[in-house]
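Below, each chain spelled out in residue letters.
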Amino acid sequence: MERLGGPDEARRDATAATLSGNFHALNTVAVECVRQGPVSEAALDHDGCVTRDEVRLLTIAALGGGTGHLWDVGAGSGAVAIDHIRAGGRATLFERMPARVAAIRRNLADAADDAAPVFEGDAKAWLSAAETPDAVFMGGAVGDGQLFDALWARLPAGGILVSNAVTVEGEAATLARFAEFGGSLTRIALSFSGPVGGLNALRPAMPVLQWRVVKA
């Protein structure tokens, strides 16, 4: 905004990337900081393997709120990595199913506009090729002890690991790791409204056992 209050006052609107030109020395600049919000589950391409919106918000918070470099292991639809990117972080994704990898790439292009690396196949085979993470999210294969050991070995001191377990096997592995490494456990139990006849009722979703630990 130039020459305010005078006959030649002017206003120009632009993003930081497109702002250009010469401006009068008498000017005022107003800056609006825009941060992308979380992506909706409904906007993602997925086969049902997706972290629900409410669980994902809690997961992103547990991972540090979108800071640093995240490994999303067993990425499914890529939803957690996408929200991490939209919150200002970077991410590398690992997914073994080709159809899901294709969906992840579409979701990244549509929702995150990011060229995050996506490794297809057994995650353990790719870990040495990926940049060291600041945080790791195990969204799939939580019960895989060899995968956990490999991830834990690559996570540096001070790094965060979060896992979400929904199966009995995953919960058993989570409880054993909690007993060995400490950290914190959170049971996420949600219910959603749905019709029952002409009325409505709250139907419980599968509970999630979330483990968060900071590597010493």
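Whatever comes next refers back to the structure up there.
A few points on the structure.

Structural notes on the overall build of the protein
Helices and strands together make up the secondary structure of the protein, namely six helices and nine strands. Here the C-alpha atoms of the protein give a radius of gyration of 22 Å, more than 25% beyond the 17 Å that 2.2 N^0.38 yields for 216 residues. Principal-axis analysis of the C-alpha atoms gives the protein an extent of 75 × 55 × 35 Å. By the burial criterion, 37% of the 216 residues in the protein qualify as buried. Within the protein, counting contacts between residues at least 6 apart in sequence, those at least 24 apart form 59% of the total. The average position of the 19 basic charges and that of the 25 acidic charges among the side chains of the protein differ by 2 Å.

What about helix 5 (residues 145-154)?
Every buried residue of helix 5 is accounted for by Leu-147, Phe-148, Leu-151 and Trp-152. Along helix 5, the residues classed as buried sweep out an arc of 130° about the axis, all on the same side. Within helix 5, the exposed residues directed more than 90 degrees away from the buried face are Gln-146, Asp-149 and Ala-153. Where helix 5 starts, the residue carrying a side-chain oxygen 3.1 Å from the main-chain nitrogen of Gln-146 turns out to be Asp-144.

Thoughts on the pattern of salt bridges
Evaluated as defined, the whole model comprises ten salt bridges. The shortest N-O distance in the salt bridge between Arg-90 and Glu-131 comes to 3.0 Å. In this pair, Arg-90 sits in strand 2 (residues 90-95) while Glu-131 sits in the loop between helix 4 (123-126) and strand 4 (135-138), placing the two residues 41 residues apart along the sequence. Here Lys-124 makes a salt bridge to Asp-122, at a shortest N to O gap of 3.3 Å. Salt bridges sharing partners connect three or more residues here, namely Asp-53, Arg-56 and Asp-83.

What to know about a nonpolar patch on the surface
Together, Leu-175, Phe-178 and Leu-185 give the surface a local cluster of nonpolar side chains, amounting to about 220 Å² of exposed area. Looking at the secondary structure, you find Phe-178 in helix 6 (residues 168-181). Under the relative-accessibility criterion, Phe-178 is labelled partly exposed at 31%.

Some remarks on the packing of helix 1 (residues 53-62) against helix 2 (residues 79-86)
Across the interface, helix 1 lies against helix 2 with an axial gap of 10 Å and an inter-helix angle of 55°. As far as their axial angle goes, helix 2 and helix 1 are oblique. Crossing of helix 1 against helix 2: the hand is right-handed. Touching Arg-56, Thr-59 and Ile-60 of helix 1 are Ala-79, Val-80, Asp-83 and His-84, all from helix 2. Looking at side-chain class alone, the contact of helix 1 with helix 2 contains three nonpolar, two polar and two charged residues.

Side note on the packing of helix 2 against helix 3 (residues 98-112)
Packing of helix 2 against helix 3 brings their axes to within 10 Å, and their N-to-C directions diverge by 25°. Taken together, the axes of helix 2 and helix 3 lie roughly parallel to each other. Read as a crossing pair, helix 2 and helix 3 show a hand that is right-handed. Residues Ile-82, Ile-85 and Arg-86 of helix 2 touch helix 3, and the partners they reach there are Asn-107, Leu-108, Ala-111 and Ala-112. Here the contact of helix 2 with helix 3 is composed, by residue class, of five nonpolar, one polar and one charged.

Digging into the nonpolar core
Of all hydrophobic cores here, the largest spans 26 residues; its most connected members are Leu-63, Leu-70, Ile-82, Leu-93 and Leu-108. Of all the secondary structure elements, the ones that give two or more residues to this core are helix 1, helix 2, strand 2, helix 3, strand 4 and strand 5 (160-165). Setting aside anything within four residues of it in sequence, one finds Leu-63 in contact with Leu-70, Val-80, Ala-135, Val-136, Phe-137, Ile-160 and Val-162. Ranked by size, the runner-up nonpolar core spans 20 residues in total, among them Leu-127, Val-142, Leu-151 and Leu-209.

Each value, and the rule that gives it
- Residues numbered from 1 in each chain as written.
- Predicted model: local features only at pLDDT ≥ 70, side-chain atom pairs only at ≥ 80, totals over all residues.
- Heavy atoms only, no water.
- Helix = DSSP H or I, 4+ residues; strand = E, 2+ residues; numbered from the N terminus.
- Rg over C-alpha atoms; globule rule 2.2 N^0.38 Å.
- Buried < 20%, exposed > 50% of the residue type's maximum accessible area, 1.4 Å probe, protein only.
- Contact = heavy atoms within 4.5 Å.
- Lys, Arg positive; Asp, Glu negative; His and termini not counted.
- Charge placed at Lys NZ, Arg CZ, Asp CG, Glu CD.
- Arc of directions from axis to C-beta.
- Polar contact = N/O pair within 3.5 Å; in protein donor to acceptor, adjacent residues only side chain to side chain.
- Salt bridge = Lys/Arg side-chain N within 4 Å of Asp/Glu carboxyl O.
- Patch = residues over 30% accessible without salt bridge, like charges linked within 9 Å, V, L, I, M, F, W, Y side chains within 5 Å.
- Areas by Shrake-Rupley, 256 points an atom, 1.4 Å probe, with all protein chains shown as cover.
- Axes fitted to C-alpha atoms, helices over the stretch in contact; angles between N-to-C directions.
- Parallel < 35°, antiparallel > 145°, perpendicular 65-115°, else oblique.
- Left-handed = near helix turned anticlockwise from the far one by under 90°.
- Nonpolar A, V, L, I, M, F, W, Y, C, P; charged D, E, K, R; others polar.
- Core = buried A, V, L, I, M, F, W, Y, C linked by side-chain atoms within 4.5 Å.

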